[in-house]
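# Coordinate analysis (summary)
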Protein chains: 2
Amino acid sequence: MTIRIGIAGYGNLGRGVESAVHKSKDMELVAVFTRRDPAGVKTLTGVPVHDLAKVSEWKGRIDVLILCGGSANDLPTQTPELAEFFTVIDSFDTHAKIPEHFANVDKVCRANDTLGIISVGWDPGLFSLNRLLGQAILPDGNDYTFWGRGVSQGHSDAIRRVPGVKDARQYTIPVESALTAVREGKNPVLSTREKHTRECFVVAEEGADLDAIETAIKTMPNYFADYDTTVNFLDEETFRREHVGIPHGGVVIRSGTTGMDGDNKHVIEFKLNLDSNPEFTASVLVAYARAAYRLRSEGVTGCKTVFDIAPVYLHPASPEEQRKMLL
Amino acid sequence: MTIRIGIAGYGNLGRGVESAVHKSKDMELVAVFTRRDPAGVKTLTGVPVHDLAKVSEWKGRIDVLILCGGSANDLPTQTPELAEFFTVIDSFDTHAKIPEHFANVDKVCRANDTLGIISVGWDPGLFSLNRLLGQAILPDGNDYTFWGRGVSQGHSDAIRRVPGVKDARQYTIPVESALTAVREGKNPVLSTREKHTRECFVVAEEGADLDAIETAIKTMPNYFADYDTTVNFLDEETFRREHVGIPHGGVVIRSGTTGMDGDNKHVIEFKLNLDSNPEFTASVLVAYARAAYRLRSEGVTGCKTVFDIAPVYLHPASPEEQRKMLL
């Protein structure tokens, strides 16, 4: 059985899902749905594009609808709305609002016998999984999550709002000495400033006051004031050449002890080094879309997260093959 | 509800389980079972010791029996036998025989409405989980597993069988340059010799021919002949002081690409650095014992592996709390 996939929202994430589905032998991309004029959208694989407003007409022809909108404005309403008609999966990443989003999606899924998996990706997602595993296995210990080196879209956007800034990109960078201390099992207590630095690349408008821009960035509350921030100005051509990618990654570490006296130290580390944040997130979504399809086929309904999905559902091989090849 | 745990087999692993259960607030260790004379076995926490031959009398008084015997001689018969009476969990680690062991345990579990989780630990176990995740998320890519730096009991035993050797310990060590190449996404093809080296610490009998011992070790087929091996002789006192621990660890890496043209590289790395191999394995067993109890309470029976267990069952907090705290 080929799993019939639909994509709702066609930006970087949607295109990432399209290419990940293209490479999954057990899946077929049926259609892409957009709020824009479908006639103006061209897909990578030539798959047809339709109006998102009419997606409900596709009920029964799509096994899993992968929602590729944003967490701020799209997913809080889209995921519950579309769960009325489809098995849905999203990458909702506003950590503080996950319980609320879960409740909204769960209600619709239960009323319509559908399945939804929310907050799938790497954080929330694979990083969450590793935080859970670390605490479950080493109850005596400390958690550490570091992000980067990678592009923060939110911080890049914040810089672009500074007067005189034409374009900008911000990289979040873990402090190497902090990472080393954690890896060595030293269990340091780390302030915000001690965990990450922020590196900004800025294209200024012609004649702009560079000192004023730098000060505005470095003193910006919430975004930069609590960090050691460096600001680099560069010309537009160099910016376009050297800062085109969307790399990201990070590390989740659990450092704990075992034994009656806590004598033995253990460090569990999960690390991602990603050339393309959206394409990797898309790849995680597609693996969990496989799980969503299989679980729904078994009669499972309601809202789920990565915590609820047994690994066996993610891999295309049969359980027997998985045990033989991978265990 | 407190989960009532029993331990079958009281060596390094059994003691590790005892201290891990001691630190788990939702669990209580009911009894330890041994094939030795119970009167001669003293536990770390003072929990009573009983004859393993009479363990079936404890049916209904133990929720999960954690089997701490060896994979070569104990578990292939013990796990199926004890699954007749109890929800069981083991760390069976003979990779090639897992399908057979699974079938044997599954048959007994289904006939007796019990649950068994086999091959729990870090390899098989957490490493297997990461191999599965890596392949599921990045289908275009390569797997790498490195072990060490850590003690291989099998290789240490092999050295001890060489004439003139009084005691020995062997460390498996990943080749740093190979690891670096893999981490950089270079996807190298690595021979056995290029992945690991073997470092041996040997206490020789008085008057033994050291050159002959060294040659016997380095040319030993299967164990050492395919590796770059170093042999260090040392006196018994130094050996006891410096090689008393059982550290281990290793790395699972998935290196793959995404995008229509495979332009973007991604590296997923899971790394363990363990002071005590048996205590860490025990900690994994205890987390999965929690899952076994919860799944059996939901009516699930049959044989399972780490692939079949949704993460939510491993952590003591409720699903709601997990989503709020960890996702």
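Worth saying up front: this structure is predicted, and the values here are computed from it rather than measured. (Residues numbered from 1 in each chain as written. Chains lettered and ligands numbered in written order. Predicted model: local features only at pLDDT ≥ 70, side-chain atom pairs only at ≥ 80, totals over all residues. Heavy atoms only, no water.)

### Focus: the pairing of strand β13 (residues 264–274) of chain B
- Across nine bridges, the pairing between strand β13 (residues 264–274) of chain A and β13 of chain B is antiparallel. Bridged to I268 of chain A within β13 of chain B is L272 of chain B. (Pairing = 2+ DSSP bridges. Helix = DSSP H or I, 4+ residues; strand = E, 2+ residues; numbered from the N terminus.)

### A closer look at the environment of V162 of chain B
Residue and element names in this part refer to chain B.
- Structurally, the position occupied by V162 is in the loop between α5 (153–160) and β9 (165–174).
- For the pair formed by V162 and H315, sequence separation is 153 residues and the distance between their alpha carbons is 46 Å.
- Discounting residues that sit within four places of it in the chain, V162 has contacts with I213, A216, I217 and M220. (Contact = heavy atoms within 4.5 Å.)

### Some words on the interface of chain B and chain A
- Taken together, the contacts link 66 residues of chain B with 66 residues of chain A.
- The contact between chain B and chain A buries some 5,800 Å² in all, and 64% of this surface belongs to carbon and sulfur atoms.
- At the boundary of chain B with chain A, the tally comes to two salt bridges.
- Across the salt bridge formed by K23 of chain A and D140 of chain B, the nearest N and O atoms sit 3.1 Å from each other.
- Viewed at the interface, chain A and chain B are joined by 28 residue pairs in polar contact (both at pLDDT 80 or more).
- Elements supplying a minimum of two residues to the side of chain B that touches chain A: α1 (12–22), α3 (98–112), α4 (126–137), β13, α10 (277–297) and α11 (319–326) of chain B.
- Per element, the largest residue contribution to the side of chain B that touches chain A is eleven residues, and it comes from β13 of chain B. (Buried area = accessible area lost by both parts, 1.4 Å probe. Salt bridge = Lys/Arg side-chain N within 4 Å of Asp/Glu carboxyl O. Polar contact = N/O pair within 3.5 Å; in protein donor to acceptor, adjacent residues only side chain to side chain.)

### Looking at the relation of the copies chain B and chain A
- For the pair chain B and chain A, the superposition axis carries a translation of 0.0 Å, the fit reaches an RMSD of 0.0 Å, and the rotation angle comes to 180 degrees. Seen this way, the second copy is the image of the first under a two-fold rotation axis. Across chain B, the smallest distance between a C-alpha and the rotation axis is recorded for A310 of chain B, namely 1.9 Å.
- Both copies present the same face, since 100% of the interface residues in chain B are matched by interface residues at the equivalent positions in chain A. (Least-squares fit on C-alpha atoms with pLDDT ≥ 70 in both.)

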